[in-house]
Amino acid sequence: MEVKKSIKKLFNKFSSSPDRILVTGGMGYIGSHTVVELINAGYEVCIIDNLSNSSVDVLNGIEKITGVRPVFENIDCTDYVALDKFFKKYEGIKAIIHFAALKAVGESVERPLPYYRNNLTSLINILELMPLNGIKSIVFSSSCTVYGQPDELPVKETAPIKKALSPYGNTKQICEEIIHDTIHSNDKIKSIILRYFNPIGAHPSAEIGELPNGVPNNLLPYVAQAAAGIRKKLKVFGGDYNTPDGSCIRDYIDIMDLAKAHVCAMKRLIDGKVESVETFNLGTGRGLSVLEIIKTFEEVNDIKVPYEMADRREGDIEQVWADPTYANEVLKWEAKESVKNTLRSVWKWQMHLMEQEEDHTKGGGMISGS
Ligand code: NAD
Ligand code: WQD
């Protein structure tokens, strides 16, 4: 590990100049893991984040893992002027990975306008500023949510996009359309749209991971908190679905596998291999039920997850998993991590968070966002 870090530092020192990549939302869950993989692949990374759903402490984790502390600026992507200043300050950005977005599905139903304002304005600002600053490539974070309940499984990228089930999902559909329309009007810009399935897990070092804000909405943070005794019982939303064990099925993908796919996408864009817009599913190709996840989590971590069966959650789809063939073939990427290892990393990260919390109680550092 140490040797690898030293070699990378030496490489960066003596190689002419590594490509500079802007990562918006780079302090967040998927962004921070991707930053680690980009640095490991030899890119120079600059991060923009408004810390609305993340903590500046994430930079320490990235530095511990990679030996590099990337440039970070606290900028809101909806602020056109601040973004423009950033591009003037850090010239020569080769490409952008745009993660910055609000992502809580339920909250978007309660408060749709901040979701539309944040997610759409951020993308529009970036697309407007790209040609003005000589930037040609953008990777965009989309979601399997654009498929709703697909008619055929596994779902391919060519499956019809159905009416979004939430304002959040709608922002992803609209953002995809904005990218297509922009590139149709300006063929110098190229883009890769990545549709993530269900990212889970943490970096194996447990230096970075997911920081759920308040009561978790997503399954794995809730499972980990229930196992830790922070939550009384996990509610399994629905046991009467038309699936083998009655619970919903999803395609859970390891966060490091997901992060690596961004490096492949970035390379493809920088190598000039993308003609206009390409869209890829990022999933494992395998569906697992909620009950299977709980059982495997219990087995690999040797801990009980207190849970009870509950009513269906409104808006949940029954089952979805990816056909990742297109990404396998074109991006030369595939999800490799076993779900057992990923679920081990979830628990290791949970324990890391609790240790930090304990230090804080004793008067040490602070964890935010959890
Ligand atoms: P996250 O909330 O952990 O990270 C998003 C980051 O963007 C946060 O650090 C937040 O502070 C920042 N941010 C939000 N709005 C901003 C703004 N206007 N300006 C600057 N920074 C801003 O979320 P994540 O899970 O890492 O998701 C990253 C992207 O992937 C999002 O676009 C999300 O919609 C998408 N996505 C996530 C999932 C998932 O399950 N986590 C699935 C599919 C797609
Ligand atoms: C997974 C499964 C729940 C919590 C969401 C977004 C989607 C995408 C990924 C961003 C479901 C069940 C959950 C709990 C449970 N994000 N569950 N008890 O709903 O597949 O997708 O994240 O783009 O847009 O909607 O993920 O983790 O919330 O749920 O039984 O306390 O776990 O019913 O079957 P979901 P999730």
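Since the model is a prediction, treat every value here as computed from it, not as a measurement.

## Concerning the pairing of strand β1 (residues 20–24)
Alright, step 1. Of all five residues making up β1, four are buried, and the element is well covered by its neighbours.
Alright, step 2. Across five bridges, the pairing between β1 and strand β2 (residues 44–49) is parallel. Pairing of isoleucine 21 across the sheet is with valine 45, part of β2.
Alright, step 3. Handedness of the crossover is the feature at issue here: the chain leaves β1, passes through helix α2 (residues 29–40), returns alongside β2, and the resulting connection is right-handed.
Alright, step 4. Where β1 and strand β4 (residues 93–98) come together, five bridges link them in parallel fashion. Paired with leucine 22 across the two strands is isoleucine 96, which belongs to β4.

## Here's the deal with the site of ligand 2
Alright, step 1. Near ligand 2, the surroundings consist of 18 residues, among which Ser143, Tyr168, Lys235, Arg250 and Asp316 are the closest.
Alright, step 2. Note that an oxygen atom of ligand 2 is positioned 2.6 Å from one of the side-chain N or O atoms of tyrosine 168.
Alright, step 3. Contact distances for ligand 2 include 2.8 Å between an oxygen atom and a backbone N or O atom of leucine 219.
Alright, step 4. Protein contacts shield 88% of the accessible area of ligand 2, which totals 690 Å² for the unbound molecule.
Alright, step 5. When residues in the shell around ligand 2 are grouped by element, the largest group, four residues, is from strand β8 (residues 234–237).
Alright, step 6. Its residues placed into classes, the shell around ligand 2 shows nine nonpolar, five polar and four charged.

## As for the site of ligand 1
Alright, step 1. If you check the shell around ligand 1, you find 27 residues, and the closest are Asp49, Asn53, Ser54, Asn118 and Tyr168.
Alright, step 2. At 2.7 Å, a side-chain N or O of asparagine 53 approaches an oxygen atom of ligand 1.
Alright, step 3. For ligand 1, a nitrogen atom lies 2.8 Å from a polar atom in the side chain of asparagine 118.
Alright, step 4. Expressed as a share of its isolated accessible area of 820 Å², the protein-covered part of ligand 1 is 95%.
Alright, step 5. Among the elements of the structure, α2, α6 (112–132), β5 (137–143) and α7 (167–185) are those that each provide at least two residues to the shell around ligand 1.
Alright, step 6. Ranked by the residues each element gives to the shell around ligand 1, the list is headed by β5, at three residues.
Alright, step 7. Considering only residue class, the shell around ligand 1 consists of twelve nonpolar, eleven polar and four charged.

## Comments concerning the packing of aromatic side chains
Alright, step 1. Applying the stated rule across the entire model yields five aromatic pairs.
Alright, step 2. Centroid distance phenylalanine 280 to tyrosine 326: 4.6 Å. Interplanar angle 25°. Geometry classified as stacked. Of this pair, phenylalanine 280 sits in strand β11 (residues 277–282) while tyrosine 326 is found in helix α11 (residues 325–331), placing the two residues 46 residues apart along the sequence.
Alright, step 3. Using a relative accessible area of 0% as the deciding quantity, one classes phenylalanine 280 as buried.
Alright, step 4. Where phenylalanine 297 meets tryptophan 347, the ring centres are 6.0 Å apart and the plane angle is 80°; that geometry is what we call edge-to-face. With a gap of 50 residues between them, phenylalanine 297 in helix α10 (residues 290–301) and tryptophan 347 in helix α12 (residues 339–361) connect regions that are remote in the sequence. Each of the two residues, phenylalanine 297 as well as tryptophan 347, counts as buried.
Alright, step 5. Each residue in the set Phe86, Phe87 and Tyr90 is aromatic and connected to the rest through ring pairs, giving one cluster.
Alright, step 6. Arginine 312 extends its terminal NZ or CZ atom over the ring of tyrosine 241, reaching a point 4.0 Å from the ring centre.

## Some details on the packing of α2 against helix α9 (residues 255–270)
Alright, step 1. Where α2 contacts α9, the axes come no closer than 8 Å and their chain directions differ by 60°. The pairing of α2 with α9 is recorded here as oblique in orientation. In this structure, α2 crosses over α9, and the sense of that crossing is right-handed. Counted together, Tyr29, Ile30, His33, Thr34, Glu37 and Leu38 of α2 and Ile255, Met256, Leu258, Ala259, Lys260, His262, Val263 and Met266 of α9 form the full contact between these two elements.
Alright, step 2. Taken together, the residues that form the contact of α2 with α9 break down as nine nonpolar, three polar and two charged.

## Observations concerning the environment of valine 236
Alright, step 1. As for its position among the elements, valine 236 is in strand β8.
Alright, step 2. For valine 236, a relative accessible area of 1% corresponds to the buried category.
Alright, step 3. The contact partners of valine 236, leaving out residues within four places of it in the chain, are Ser247, Val290, Leu291, Ile294, Tyr307, Glu308, Met309 and Ala310.

## A closer look at the sheet that holds β11
Alright, step 1. With respect to topology, seven strands assemble into an open sheet ordered β3-β2-β1-β4-β5-β6-β11, the strand pairing being parallel. Only two strands of the sheet have a single partner each, and these edge strands are β3 (71–74) and β11. Each strand of the sheet is rotated relative to its neighbour by a mean of 20°, with strand direction disregarded.
Alright, step 2. As paired elements, β2 and β3 share four bridges and run parallel to each other. When the sheet's bridge partners are listed, aspartate 49 is paired in β3 with asparagine 74.
Alright, step 3. Strands in contact with α9 are β1, β4, β5, β6 (190–196) and β11; relative to β6, the strand with the most contacts, it is inclined by about 165°.

Criteria and thresholds
Residues numbered from 1 in each chain as written. Chains lettered and ligands numbered in written order. Predicted model: local features only at pLDDT ≥ 70, side-chain atom pairs only at ≥ 80, totals over all residues. Heavy atoms only, no water. Buried < 20%, exposed > 50% of the residue type's maximum accessible area, 1.4 Å probe, protein only. Helix = DSSP H or I, 4+ residues; strand = E, 2+ residues; numbered from the N terminus. Pairing = 2+ DSSP bridges. Right-handed = clockwise from strand over helix to strand, strands pointing away. Near = heavy atom within 4 Å. Polar contact = N/O pair within 3.5 Å; in protein donor to acceptor, adjacent residues only side chain to side chain. Areas by Shrake-Rupley, 256 points an atom, 1.4 Å probe, with all protein chains shown as cover. Nonpolar A, V, L, I, M, F, W, Y, C, P; charged D, E, K, R; others polar. Phe/Tyr/Trp six-rings, centres within 6.5 Å; stacked < 30°, edge-to-face > 60°. Lys NZ or Arg CZ within 6 Å of the ring centre and 35° of its normal. Axes fitted to C-alpha atoms, helices over the stretch in contact; angles between N-to-C directions. Parallel < 35°, antiparallel > 145°, perpendicular 65-115°, else oblique. Left-handed = near helix turned anticlockwise from the far one by under 90°. Contact = heavy atoms within 4.5 Å.

So, to be careful, I would describe these as geometric facts and stop short of saying anything about function.
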